[in-house]
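# Analysis of the macromolecular model
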Amino acid sequence: MEYGILLSEFIQTLAGTDNSLAIIAQAFAAVAEQYGIGELKGTFSAPPGMCNRQGEERADVLYSNGASVDRSTEYCNTYRTGENGIVSFFIYKLQGKPAFTEEEKKELKPFFDALFIHFGRYRMIHSLQRMGITDNLTGLPNTGGFMAYINECVRKNELTQYNAFYFNLERFSLVNKRFGVNETDKIIIRYAKELSRFLVEGECLGRMGGDNFVALIQKARTYEFLELIAGVKTFGIIGNQEFPVIVSAIAGVIEIDESVEHGGMVMDDCRMAYNVAKYSENKAYTFVSQEIKDRLYKEKQYASRFADAFEQKEFKTYYQPKVQTEDYVIVGAEALVRWEHDGKLIPPGDFIPVFERNGMVCKLDFFMLEQVCKDIKRWLEMGMEPVRVSVNFSRMHLTNPRLADEIMEIMRTYETESKYVEIELTETVDEAESERLIAFMNRMKECDVAMSIDDFGSGYSSLNLLRTFPVDVLKIDKTFIDTIGRSDRIVLSNIIRMATELEMDVVAEGVETWEQLEYLKQMNCNVVQGFLFDRPMPREQYEIKLQSKAYNPELICKSE
Ligand code: C2E
Ligand code: MG
Ligand code: MG
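Summarised in this report is the structure supplied together with it. (Residues numbered from 1 in each chain as written. Chains lettered and ligands numbered in written order. Predicted model: local features only at pLDDT ≥ 70, side-chain atom pairs only at ≥ 80, totals over all residues. Heavy atoms only, no water.)

## Considering the site of ligand 1
The condition that has to hold: If even one non-hydrogen atom of a residue comes within 4 Å of a molecule or strand, that residue is called near it. Counted as a polar contact is a pair of N or O atoms within 3.5 Å, where, for protein atoms, one must be capable of donating a hydrogen and the other of accepting one, and residues adjacent in sequence contribute only when both atoms are in side chains. Method for areas: the Shrake-Rupley scheme with a 1.4 Å probe, in which residue coverage is limited to the protein chains shown. Helix numbering and strand numbering both begin at the N terminus, where a helix is a DSSP run of H or I of at least 4 residues and a strand a DSSP run of E of at least 2. For this classification, Asp, Glu, Lys and Arg are treated as charged, while Ala, Val, Leu, Ile, Met, Phe, Trp, Tyr, Cys and Pro are nonpolar and the rest, including Gly, are polar.
In the vicinity of ligand 1, 23 residues are found, and the nearest of them are Arg338, Asp365, Asp454, Glu512 and Phe531. A distance of 3.1 Å is found between a nitrogen atom of ligand 1 and a side-chain nitrogen or oxygen belonging to Gln320. Take Asp365: an N or O atom from its side chain is 2.6 Å from a nitrogen atom of ligand 1. Relative to its unbound accessible area of 800 Å², ligand 1 is 81% covered by the protein chains. Of all elements in the fold, only β13 (330–341), α9 (348–358), α10 (361–381) and β17 (450–456) reach the threshold of two or more residues within the shell around ligand 1. A per-element tally of the shell around ligand 1 places β13 first, with 4 residues. Considered class by class, the residues forming the shell around ligand 1 number 9 nonpolar, 5 polar and 9 charged.

As structure tokens, this is what we get:
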């Protein structure tokens, strides 16, 4: 073929596409035939730079006609790229052909120039595409890249071989503080490299930005991987000195089954699993089983049904009496919420934690207080003498600076005297929260509304903490009552003694047996609440109890 036509066709074929190296083989075939070339090879090496923090090295056979070549005929053309990289093209004659003449080399030079331009365009487009799916710092796939990889696995029907992980590095902000941003970036790169070493063919590690990572790991290697991410040893440098850093992660793991259709589903479930892990104490990971998935699904349903349930008046106020141990007289009650839905009664333990997480619990608590105030008004109008009713308030309320005012507003609306209402809050260890709790308690004291600490002894109770709280009532958690008769009772009797010294009333919760009641009496606990007397009940039933004022001990003994 005439030289001019050959060159022009070569350039035109390359120009027809910008994103493929494969086209080179097609374009080069005629050139190879003309010059007796058996192979065209390209190499590229670039130092680490803006677009690629790891640098790049590659070598590709761009054309080969399959026949053997004579390596001694090598002819090479080298070019420098903008980012200080080097591109080289090598050609080899077919076995038995003479070496390239100077004339041939001169003629072939424009072909290499065209190849270099094509390669430059190819790289530019690919780095743009790559930047879209790659984390710039570590070179790992980013969210988009990881999802694309999962989608590819789904397409190839290979995804169910793997489990998916979402993990976050624990206390990484401390590493940041200690080593500074630049060195922390390097620690993340070392960490990613360390994890990448673990991967085998088909597995994938991605970085979602910050200290959030994702991985797709073969099912059989799940626990091995969890063990690895529980503590990865790496190091950070300050000055010239290396300091060991152990990076541990909290992970959510999901077992991938046939129901997973695309990367988005994996990411959603993984994040959900991670959130469960994050909020589970002392747990480095959570394996999201079908059971947890069902529960999370149910929780989502609860959250989305909340507004409707309110509208449909599905939340009911139940009352559980508090009984004086001395004479079995009802001296108080606790208001406990119940959710009546589809003819079923959902216990608060199922939905309160959900509503606490999304903040809806506040509305519910105010609603309960309002119901209690309404009922008290009703009883007074009926000529009954009500007893004080305690209403549970979630600690979520403590960030509301108007909490006390809002409580008082509701009580004013129903003309409720303060002596009929008590507010229950659970204990806390958080210092900032403690301060808000004390401020709130003081406000309630000014308004003459009683305050109780609920579930005392179930968390990080501290008797000393009690001294700083202006508390009227201490509610001892059921777990303490359950140990009566088994473990030593010194702790319990001391709590009761100390509370009494601090002029607090003590209510023992969850009293179920006569034996427990006897012990509590001996320990000078004057008020109890529990199934021994009654379970929480609807208002109508409670009104009957309230009218009879006291329990008959004979009946209690018999019913046991
Ligand atoms: P809590 O405030 O500690 O309420 C006492 C719980 O112990 C109630 O469970 C009650 O039914 C149960 N209980 C009482 N005596 C016995 C007994 O002898 N044996 C056993 N096994 N259990 C007994 P319930 O009604 O399921 O409520 C659970 C928790 O849900 C409450 O614990 C409280 O923390 C929360 N809760 C209930 N209603 C509300 C509400 O209106 N607002 C908020 N924020 N939380 C609520
Ligand atoms: Mg309570
Ligand atoms: Mg309690």
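Once the structure has been displayed, the description carries forward.
## Side note on the coordination of the magnesium ion (ligand 2)
Worth spelling out the cut-off: Note that water is not among the atoms considered, so a metal site may appear incomplete; the donors listed are N, O and S atoms within 2.8 Å of the metal, with 3.2 Å applied to Na, K and Ca. Relative accessible area decides the class of each residue, using a 1.4 Å probe on protein chains only: under 20% of the type maximum gives buried, over 50% gives exposed, and in between gives partly exposed.
Protein ligation of the magnesium ion (ligand 2) involves Glu334 (OE), Asn392 (OD1), Glu424 (OE) and Asp454 (OD), the donor distances falling in the range 2.0 to 2.2 Å. Along the chain, the residues donating to the magnesium ion (ligand 2) are arranged with the sequence spacing E-x57-N-x31-E-x29-D. Here the magnesium ion (ligand 2) and the magnesium ion (ligand 3) are spaced 4.0 Å apart, linked through Asp454, which binds each one. Taken together, the residues span a long stretch of sequence, with Glu334 in strand β13 and Asp454 in strand β17 at a distance of 120 residues. Residue class for Glu334 comes out buried when judged on its relative accessible area of 3%.

## Let's talk about the environment of Cys153
Relative to the elements of secondary structure, Cys153 occurs in helix α4 (residues 143–155). Distance in space between the C-alpha atoms of Cys153 and His262 is 9.1 Å, their sequence separation being 109 residues.

## Remarks on a nonpolar patch on the surface
Condition: Two distance rules govern patches: like charges are joined within 9 Å, and nonpolar side chains (Val, Leu, Ile, Met, Phe, Trp, Tyr) within 5 Å, applied only to residues with over 30% relative accessible area and no salt bridge. Think of a salt bridge as a Lys or Arg side-chain nitrogen and an Asp or Glu carboxyl oxygen that are within 4 Å of each other.
Where nonpolar side chains cluster on the molecular surface, the patch consists of Met124, Leu128 and Met131 and spans about 330 Å² of accessible area. Within the fold, Met131 resides in helix α3 (residues 102–133). Accessibility expressed as a relative area gives 44% for Met131, which makes it partly exposed.

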